[in-house]
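Structural overview
What follows is the residue order along each chain.
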Amino acid sequence: MLGRALADAAVSLVKYFDFHLIDETSNLLFNALKEFVLKGMSMLQANRLVLIDALLDKGSSQFRTLFLVLAASLLLTVSAKVQVPFYPVPMTLQTLVVLLIGVAFGWRMGFATVLVYLAQGAMGLPVFAGTPEKGLGLLYMAGPTGGYLVGFALAAATTGWLAERGLDRSAIGTAIAMVAGNALIYACGLIWLSNFVGMEKAVTLGMAPFLFGDLVKIALATVTLPMIWKFLNRHQL
């Protein structure tokens, strides 16, 4: 409600100052800025279909939601276990899967999916990377990499919220959503990891080796998601 009120206030303010400026160049710049603000605020207020709604029946049921959440949590487990040879370190697809779950499901369902995945791990199931070799359950989650797990949930919610406002339908919007999600994962992960090894070493060990792989995954999503939307708009929507 607060976000909508602020958006309405911003739109009203722009319309209030919609007058003809004496300088023609200034007038053109003002009109361009006005259109940008009005379109941006309109986009932020609009709740659009997310990808799963477009791919499947727009109606929802508890059974379908439960099935999708459990299936996606299983996909998170698989993505944590499979490593792809890469430079400078092997790459998992888990962060990409986390972000895509948010984009595909929307923020509520995406957030709930990651919470289910974390609950499975808290119960002692070997769903995380390095389990059971590095521990299980709450003991593992309280370890050095626990912050990244919290970041997964926040990232899924954030990318889902942005997708509900249509950012995943363009390359630039998708890139913004993916970068925002990745930034949250790293922020949570590094803050927690720094309690064990210090911030400088946390960045060296917990972020720097993975940045190149993250750029590849962001590029993959940036190319793929808008193409999927274009196909769906052409054939279904």
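Please refer to the structure placed before this passage.
All of the points below concern the structure found in this document.

**Things to note about the side chain of Thr222**
Mapped onto the fold, Thr222 is located in helix H11 (residues 211-235). A residue is classified by how much of its surface remains accessible, and Thr222, at 15% relative accessible area, is buried. There is a polar contact of 2.7 Å between the side chain of Thr222 and the backbone oxygen of Ile218. With sequence-adjacent residues up to four places away left out, Thr222 is seen in contact with Ala171, Thr174 and Ala175.

**Points about the packing of helix H6 (residues 107-122) against helix H8 (residues 146-163)**
Two numbers describe a pair of packed helices, the interaxial angle and the distance between the axes. Following both chains from N to C, one finds H6 and H8 inclined at 165 degrees, their axes separated by 7 Å at the closest point. Put simply, H6 runs roughly antiparallel to H8. H8 is crossed by H6, and the crossing has right-handed handedness. Contacts between H6 and H8 pair Trp107, Gly110, Phe111, Val114, Leu115 and Leu118 from the former with Leu149, Phe152, Ala153, Ala156, Ala157, Gly160 and Trp161 from the latter.

**A short note on unusual backbone geometry**
Trans is the prevailing form of peptide bonds, just as negative phi is the prevailing case for residues other than glycine. Of note, the amide linkage connecting Tyr87 to Pro88 takes the cis form, showing an omega dihedral of 0 degrees. Looking at where Pro88 falls in the secondary structure, it is placed in the loop between strand E1 (83-84) and strand E2 (91-92).

**Section: the nonpolar core**
In this structure, Phe105 and Phe128 are the most contacted members of the largest nonpolar core, which totals 43 residues. Only helix H3 (51-55), helix H4 (62-81), helix H5 (94-105), H6, helix H7 (137-141), H8, helix H9 (171-197) and H11 provide two or more residues apiece to this core. Among the elements that make up this core, the one with the highest residue count is H5 (8 residues). Ignoring anything within four residues of it in the chain, the contact list for Phe105 reads Val50, Ile52, Leu68, Ala72, Gly110 and Thr113.

**Describing the packing of H5 against H6**
Here H5 crosses H6 at 140 degrees, and the two axes come no closer than 6 Å. Considering the angle they form, H5 stands oblique to H6. The two elements H5 and H6 meet at a crossing, and its hand is right-handed. Touching Gln94, Ile101, Gly102 and Phe105 of H5 are Trp107, Met109, Gly110, Thr113 and Tyr117, all from H6.

**Description of the side chain of Thr174**
By secondary structure assignment, the location of Thr174 is in helix H9. Here Asp168 takes part through its backbone oxygen, which lies 3.2 Å from a polar atom of the side chain of Thr174. Ignoring sequence-local partners within four residues, the contact set of Thr174 consists of Leu167, Asp168, Arg169, Ala221, Thr222, Leu225 and Pro226.

**Brief notes about the packing of aromatic side chains**
This model, assessed by the stated rule, comprises 4 aromatic pairs. Ring plane angle 85 degrees and centroid distance 5.3 Å describe the contact between Tyr117 and Phe128, whose orientation is recorded as edge-to-face. Residue Tyr117 is found in helix H6, and its partner Phe128 is found in the loop between H6 and H7; the two are separated by 11 residues along the sequence. The pair Tyr117 / Phe128 is uniform in exposure class, with both members buried. Taking 5.9 Å as the distance between ring centres and 65 degrees as the angle between the ring planes, the aromatic pair formed by Trp192 and Phe196 counts as edge-to-face.

**Observations concerning H5**
Here H5 is 12 residues long and its end C-alpha atoms lie 16 Å apart, about the 16 Å a rise of 1.5 Å per residue gives. The buried fraction of H5 is high, at 11 of 12 residues. Looking only at H5, the buried set comprises Gln94, Thr95, Leu96, Val97, Val98, Leu99, Ile101, Gly102, Val103, Ala104 and Phe105.

Parameters at a glance
- Residues numbered from 1 in each chain as written.
- Predicted model: local features only at pLDDT ≥ 70, side-chain atom pairs only at ≥ 80, totals over all residues.
- Heavy atoms only, no water.
- Helix = DSSP H or I, 4+ residues; strand = E, 2+ residues; numbered from the N terminus.
- Buried < 20%, exposed > 50% of the residue type's maximum accessible area, 1.4 Å probe, protein only.
- Polar contact = N/O pair within 3.5 Å; in protein donor to acceptor, adjacent residues only side chain to side chain.
- Contact = heavy atoms within 4.5 Å.
- Axes fitted to C-alpha atoms, helices over the stretch in contact; angles between N-to-C directions.
- Parallel < 35°, antiparallel > 145°, perpendicular 65-115°, else oblique.
- Left-handed = near helix turned anticlockwise from the far one by under 90°.
- Core = buried A, V, L, I, M, F, W, Y, C linked by side-chain atoms within 4.5 Å.
- Phe/Tyr/Trp six-rings, centres within 6.5 Å; stacked < 30°, edge-to-face > 60°.
- Expected span 1.5 Å × (residues − 1).

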